[in-house]
Amino acid sequence: MIVADQKPIEEILEILAPYKRVLFLGCQSCVAVCMAGGEKEVGLLAAAVRLARAKSGAPIEIAEGAAKRQCDDEFNEPFGPVIQQQEAVLSLACGVGVNKLAERFAIPILPALNTRFFGKVERQGIWKEVCAGCGDCILHLTGGICPIARCAKNLLNGPCGGVRADGTCEVKRDWPCAWVQIIQRLEELGQLERLLSTRMAAKDWSSDRHGGPRRRVREDMLLEA
Ligand code: SF4
Ligand code: SF4
């Protein structure tokens, strides 16, 4: 899922400063699961902002809502009538949701979150990055553990010389070395030999962010123009 954090309240208040009538629109997907931008967070943030603005003598009128998936027009459309009555929308979705609303509605769409990464829940309250969306997955070679997202140096052919004796990373000291984990996992799967006998070719990064903005086209899904 996409993991995001709510911006500090001071920053949100600054972003909202020019506006007096705003819709706070959450998203009930990833950001609700990581407790940054779901329906509950919309209510809590709206209450905090109303209070802060009233105290500062600049009250604000806030409407509240949460789309099922803000990255999809279909789920934003029902909020169209209420959006038309606002000066701005504060989006509590990931950056995709903010972009999507900005394309569709001709009023300022403001971000309430900092979008962080594609991650998994480690345990209650902790999420870890596990995929960097490189566009050319190699997890079948690495035991399902991603060296691009989980190795601090994105190494593709084994650990660097800095891995520490306790198996932690020399860069992210409180993280396990991704390559130690990959080797352990392949040993468990009886596939270590396969890794040792293959040298991973230099990665073609053109499918990653380094190749510029990306687009996916499924010819079989296209409707005739
Ligand atoms: S190899 Fe690429 S697509 Fe696969 S998990 Fe890693 S970053 Fe994501
Ligand atoms: S110690 Fe391991 S995870 Fe850290 S940079 Fe080196 S190879 Fe990557």
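Scoring rules and cut-offs
- Residues numbered from 1 in each chain as written.
- Chains lettered and ligands numbered in written order.
- Predicted model: local features only at pLDDT ≥ 70, side-chain atom pairs only at ≥ 80, totals over all residues.
- Helix = DSSP H or I, 4+ residues; strand = E, 2+ residues; numbered from the N terminus.
- Buried ≥ 20, exposed ≤ 12 C-beta atoms within 10 Å, placed from the backbone.
- Contact = placed C-beta atoms within 7 Å.
- Near = placed C-beta within 6 Å.
- Nonpolar A, V, L, I, M, F, W, Y, C, P; charged D, E, K, R; others polar.
- Domains from an automatic or database assignment.
- Core = buried A, V, L, I, M, F, W, Y, C linked by C-beta atoms within 7 Å.
- Pairing = 2+ DSSP bridges.
- Axes fitted to C-alpha atoms, helices over the stretch in contact; angles between N-to-C directions.

**Some thoughts on the overall build of the chain**
Then, number 1: Summing up its helical and strand segments, the chain has nine helices and seven strands in all.
Then, number 2: Reported as C-alpha extents along the three principal axes, the dimensions of the chain are approximately 65 × 50 × 25 Å.
Then, number 3: For the chain, the proportion of its 225 residues judged to be buried stands at 28%.
Then, number 4: Counted over contacts in the chain with a minimum sequence separation of 6, partners at least 24 positions apart contribute 54%.

**Details of the site of ligand 2**
Then, number 1: Residues in close proximity to ligand 2 total 14 residues, the closest being Cys151, Pro159, Cys160, Cys169 and Cys177.
Then, number 2: Residues belonging to the shell around ligand 2 are distributed by class as follows: eleven nonpolar, one polar and two charged.

**Overview of the domain arrangement of the chain**
Then, number 1: Taken as a whole, the chain is organised into domain 1 (2-117) and domain 2 (132-210).
Then, number 2: On a C-alpha basis, the centroid separation for the pair domain 1 and domain 2 is 37 Å.

**Some points on the nonpolar core**
Then, number 1: Membership of the largest hydrophobic core comes to 38 residues, with the highest contact counts inside it found for Phe24, Val31, Val89 and Leu92.
Then, number 2: Per-element accounting of this core gives the leading share, five residues, to strand β2 (residues 21-27).
Then, number 3: For Val31, the contacting residues outside a window of four places in its chain are Ile2, Ala4, Ala36, Gly37, Gly38, Leu92, Ala93, Cys94 and Leu113.
Then, number 4: Ile145, Cys177, Ile183 and Leu186 belong to the second largest nonpolar core, which has eleven residues in total.

**Focus on the sheet that holds strand β6 (residues 113-123)**
Then, number 1: Spatially, three strands are ordered β1-β6-β7 in an open sheet, and the strand pairing comes out antiparallel. Strands with a single pairing partner mark the edges of an open sheet, and in this sheet they are β1 (2-6) and β7 (126-131). Each neighbouring strand pair of the sheet contributes to a mean axis angle of 70°, computed without reference to strand direction.
Then, number 2: Pairing analysis gives five bridges linking β6 to β7, with the strands arranged antiparallel.

**Thoughts on the environment of Val96**
Then, number 1: Its place among the elements puts Val96 in helix α6 (residues 95-104).
Then, number 2: Of the residues examined, Val96 has 16 C-beta atoms within 10 Å and is grouped as partly exposed.
Then, number 3: Separated by 56 residues in sequence, Val96 and Lys40 place their C-alpha atoms 20 Å apart.

**Side note on the sheet that holds strand β4 (residues 88-91)**
Then, number 1: Read across the open sheet, the four strands follow the order β3-β2-β4-β5; overall the sheet is parallel. Two strands lie at the open edges of the sheet, namely β3 (61-67) and β5 (109-111), each paired on one side alone. Ignoring strand direction, the axes of neighbouring strands in this sheet form an average angle of 25°.
Then, number 2: In this sheet, β4 lies alongside β2 in parallel orientation, the contact comprising four bridges. Within β4, the position partnered with Val22 by the bridge is Ala88.
Then, number 3: Sheet strands touched by helix α3 (residues 39-55): β2 and β3. Its angle to β3, the strand with the most contacts, is close to 170°.

**Let's talk about the site of ligand 1**
Then, number 1: All residues adjacent to ligand 1 are Cys131, Ala132, Gly133, Cys134, Cys137, Ile138, Leu139, Cys146, Ile148 and Ala149.
Then, number 2: Class assignment for the residues of the shell around ligand 1 results in nine nonpolar, one polar and no charged.

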